[in-house]
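So the chains spell out like this:
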Amino acid sequence: MESHKFNPESLMMTHGYKPELSEGAIKCPIFQTSTFVFKTAEEGKAFFEIAYGLREKEPKEELGLIYSRINNPNLEILENRLCLWDKADDCAVFESGMSAISTVLLEFLKPGDLLVYTNPLYGGTDHFINHFLPKIGVHTLGIQPNQSISEIKSLIEASGKSENLAMIFLETPGNPTNDLVDIEAIANLAKHFSTEDKKVLTAVDNTYMGPLWQHPLEFGADLILYSATKYIGGHSDLIAGAVLGNQELISRVKVLRTFLGNMISPNTAWLLLRSLETLKVRMTQQTLNAQEVAVFLNSHSKIESVNYLGLLDEGSEQYKIYKKQCSSPGAMITLSIKGGEKQAFQFLNNLKLMKLAVSLGGTESLVQHPKTMTHAGVDPEQQKRMNLTDKTVRLSIGVEDAKDLIWDLNQALESVEL
Ligand SMILES: Cc1ncc(COP(=O)(O)O)c(C=O)c1O
């Protein structure tokens, strides 16, 4: 018989779980335990040597279960399953997307280093980069989505700190505008500034595309970050995060996670295992719905413009990047309503089915006003540069019937007074 490689969606129910270790239970139980019993003292010693990075693992040696801040079966099975989508060596899961992001930045940056990041970024990441990192002596340089690679290179050189460049952090598509950044071109730029002693890392926040529609490692990125609160969790009932990459990098991240103690709980990891079983069906339906909704909004007389990856102008730079690195337009839509904040709020306040809430990627459709909500803390000059205005509304499309969503949007738009 020919050998066959199963696709991730076929493995989400079983991968990494051995029923015989759990009384034959078809589903992985919740390992609600703080600590694990060692068979011998020697075994305990060997496990700690690996966990604390005191020695490298022997070939085929596995890290045994020690203590749930270090490892736990729910965490490990979840990490193994997440690796399948992005074809990553390893993964570390966290209690939030922000803890995944902040742990990565703290592990790979030190005082004096330069961090280059793309705009726009999720407001929380923007805050950590612009308000926390400078306090520990990390220099930061933000670049704009419309800047060419040669412009970005010149900006890095002009900063006088190119020798200290340690990481380029991208969010693509960017929250909330859907701007795309060419991952491969940025990874090549990071290579250009790398030396034999120092690799400049490329880290990509892939939350908007989930692990389905974009695989940054294939384009030369070193690290992928997720707010697993969003598509991976998918039901707006938990907060979690993940980072994926090669063994060496993720081992470093896991050691810092052990000491910051910001790992996910066994219960949340178990919820995510459930969520992963339906990840592809959910994201596929959300995308189908979003395509219909985007077309409706794009032709509505009270809407000025719609930013949706499925509506990019063929031939534009953004379209070229989209075709190269995304396999689907996803389910995030950003629109500009005619008028201003008053009209945007009338629209939001009159929706009946779609809920007015921040967050995204859940089964229910959510809408929010980024300028006064998720991105309220972003510097006003930067808000202008990224075209985030009073008219901007962000929609996360869920799995409802697309006809119902369009009905709801239509009636809410009718209530808007221009
Ligand atoms: C793109 C992106 N990255 C990171 C985060 C932060 O994730 P969390 O809220 O799970 O900490 C968010 C949250 O909205 C996000 O949208």
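A short tour of the structure in this document, coming up. None of these values were measured; they are calculated from a predicted model. (Residues numbered from 1 in each chain as written. Predicted model: local features only at pLDDT ≥ 70, side-chain atom pairs only at ≥ 80, totals over all residues. Heavy atoms only, no water.)

## Points about the overall build of the protein chain
Basically, it comes down to this: Runs of H or I in DSSP of at least four residues are treated as helices and runs of E of at least two as strands, each being numbered from the N terminus. Two things to know: the radius of gyration comes from C-alpha atoms, and the globule rule equals 2.2 Å times the number of residues to the power 0.38. Burial classes: relative accessible area under 20% of the type maximum marks a residue as buried, over 50% as exposed, and values in between as partly exposed (1.4 Å probe, protein chains only). Each accessible area is a Shrake-Rupley result for a 1.4 Å probe, and residues are judged covered by the shown protein chains and nothing else. Positive charges come from Lys and Arg alone, negative charges from Asp and Glu alone, with His and the N- and C-terminal ends not counted. A single reference atom marks each charge: NZ on Lys, CZ on Arg, CG on Asp, CD on Glu.
On a plain count of helices and strands, the protein chain comes out with 15 helices and twelve strands. The globule rule puts the C-alpha radius of gyration for 418 residues at 22 Å, and the 22 Å found for the protein chain is close to it. Structurally, the protein chain occupies a C-alpha span of about 75 × 55 × 45 Å along its principal axes. The buried share of the protein chain, reckoned over its 418 residues, is 53%. Of the roughly 18,900 Å² of accessible surface on the protein chain, a fraction of 53% belongs to carbon and sulfur atoms. On the protein chain, the mean spot of the 39 positive side-chain charges and the mean spot of the 51 negative ones are 2 Å from each other.

## What to know about the site of the ligand
How we decide: Throughout, near means a residue has at least one heavy atom within 4 Å of the molecule or strand. Think of a polar contact as two N or O atoms within 3.5 Å of one another; within protein, one of them needs to be a possible hydrogen donor and the other a possible acceptor, and neighboring residues in sequence only count if both atoms come from side chains.
In the vicinity of the ligand, 14 residues are found, and the nearest of them are Met98, Asp205, Ser227, Thr229 and Lys230. Separating an oxygen atom of the ligand from a backbone N or O atom of Met98 is a distance of 2.8 Å. Isolated, the ligand exposes 390 Å² of accessible area, and the fraction of that covered by the protein chains is 92%. Top element by residues in the shell around the ligand is helix H4 (residues 97–108). It accounts for three residues.

## Section: the environment of Thr207
Condition: Contact between two residues is taken to exist if any of their heavy atoms lie within 4.5 Å; hydrogens are not considered.
Within the secondary structure, Thr207 is located in the loop between strand E5 (201–205) and helix H8 (210–213). In this structure the C-alpha to C-alpha distance between Thr207 and Gly361, which are 154 residues apart in sequence, comes to 8.8 Å. For Thr207, the contacting residues outside a window of four places in its chain are Leu225, Tyr226, Ser227, Lys230 and Tyr231.

## Describing the sheet that holds strand E1 (residues 90–94)
The condition that has to hold: Two strands qualify as a pair provided DSSP detects at least 2 bridges between them. Here the axes come from fitting lines to C-alpha atoms, over the contacting stretch only for helices, and the angles between their N-to-C directions go from 0 to 180 degrees.
Overall, mixed pairing links the seven strands, which are arranged E1-E7-E6-E5-E4-E2-E3 in an open sheet. Each of the sheet's edge strands pairs with one partner strand only, and the pair in question is E1 and strand E3 (139–143). Across the sheet, the mean angle separating the axes of adjacent strands is 20° when strand polarity is ignored. Direction of pairing for strand E2 (residues 114–118) relative to strand E4 (residues 165–171): parallel, over a ladder of four bridges. By the bridge assignment for E4, Val116 is matched with Ile168. Each of E1, strand E6 (223–227) and strand E7 (241–245) touches helix H3 (residues 73–86); the most contacted strand, E1, lies at about 125° to it. Contacts from helix H6 (residues 149–158) reach E2, E3 and E4 within the one sheet, and its direction differs from that of E3 by about 160°.

## Side note on the sheet that holds strand E11 (residues 366–368)
Taken in spatial order, the five strands of this open sheet run E8-E9-E12-E11-E10, and their pairing is mixed. Each edge of the sheet is formed by a strand with only one pairing partner; in this case those strands are strand E8 (303–307) and strand E10 (355–356). As paired strands, E10 and E11 are joined by two bridges and run parallel to one another. Paired with Leu356 across the bridge in E11 is Val367. Strands E8, strand E9 (332–337) and strand E12 (392–396) of the sheet are contacted by helix H11 (residues 279–298), whose axis makes an angle of about 10° with E9.

## Examining unusual backbone geometry
Note that the residue after Thr172, namely Pro173, is joined by a cis bond; omega there is -5°. One can find Pro173 in the loop between E4 and helix H7 (183–192). Here the amide bond leading from Asn175 into Pro176 is cis, since omega sits at 15°, within 30 degrees of zero. Note on placement: Pro176 falls in the loop between E4 and H7. Positive phi, normally seen in glycine, also occurs at Asn387, with a value near 60°. Structurally, Asn387 can be placed in the loop between helix H14 (380–385) and E12.

## Overview of the environment of Leu395
Here Leu395 shows up in strand E12. By relative accessible area, Leu395 is classed as buried at 0%. Here the alpha-carbon distance between Leu395 and Lys280, two residues 115 residues apart in the chain, equals 20 Å. Leaving out residues up to four positions away in the same chain, Leu395 has contacts with Leu297, Ala331, Met332, Ile333, Leu335, Met354, Leu366, Val367 and Leu409.

## Focus: H7
By the burial criterion, the buried members of H7 are Ile183, Ala185, Ile186, Ala187, Leu189 and Ala190. Buried residues along H7 sit against E3, H6, E4, E5 and helix H12 (317–325). Where H7 begins, one side-chain oxygen reaches toward the backbone nitrogen of Glu184, 3.1 Å away; that side chain belongs to Asp182.

## Side note on the side chain of Asn74
With respect to the secondary-structure elements, Asn74 resides in helix H3. A distance of 2.7 Å separates a polar atom in the side chain of Asn74 from the backbone nitrogen of Phe31. Apart from the residues within four sequence positions on either side, Asn74 is in contact with Cys28, Pro29, Ile30, Phe31, Pro266, Ala269, Trp270 and Leu273.

## With respect to the environment of Ile77
Following the sequence through the fold, Ile77 ends up in helix H3. Ile77 sits 193 residues away from Trp270 along the chain, and the two C-alpha atoms are 9.2 Å apart. Leave out the neighbours within four places in its chain, and Ile77 touches His15, Gly16, Tyr17, Cys28 and Leu273.

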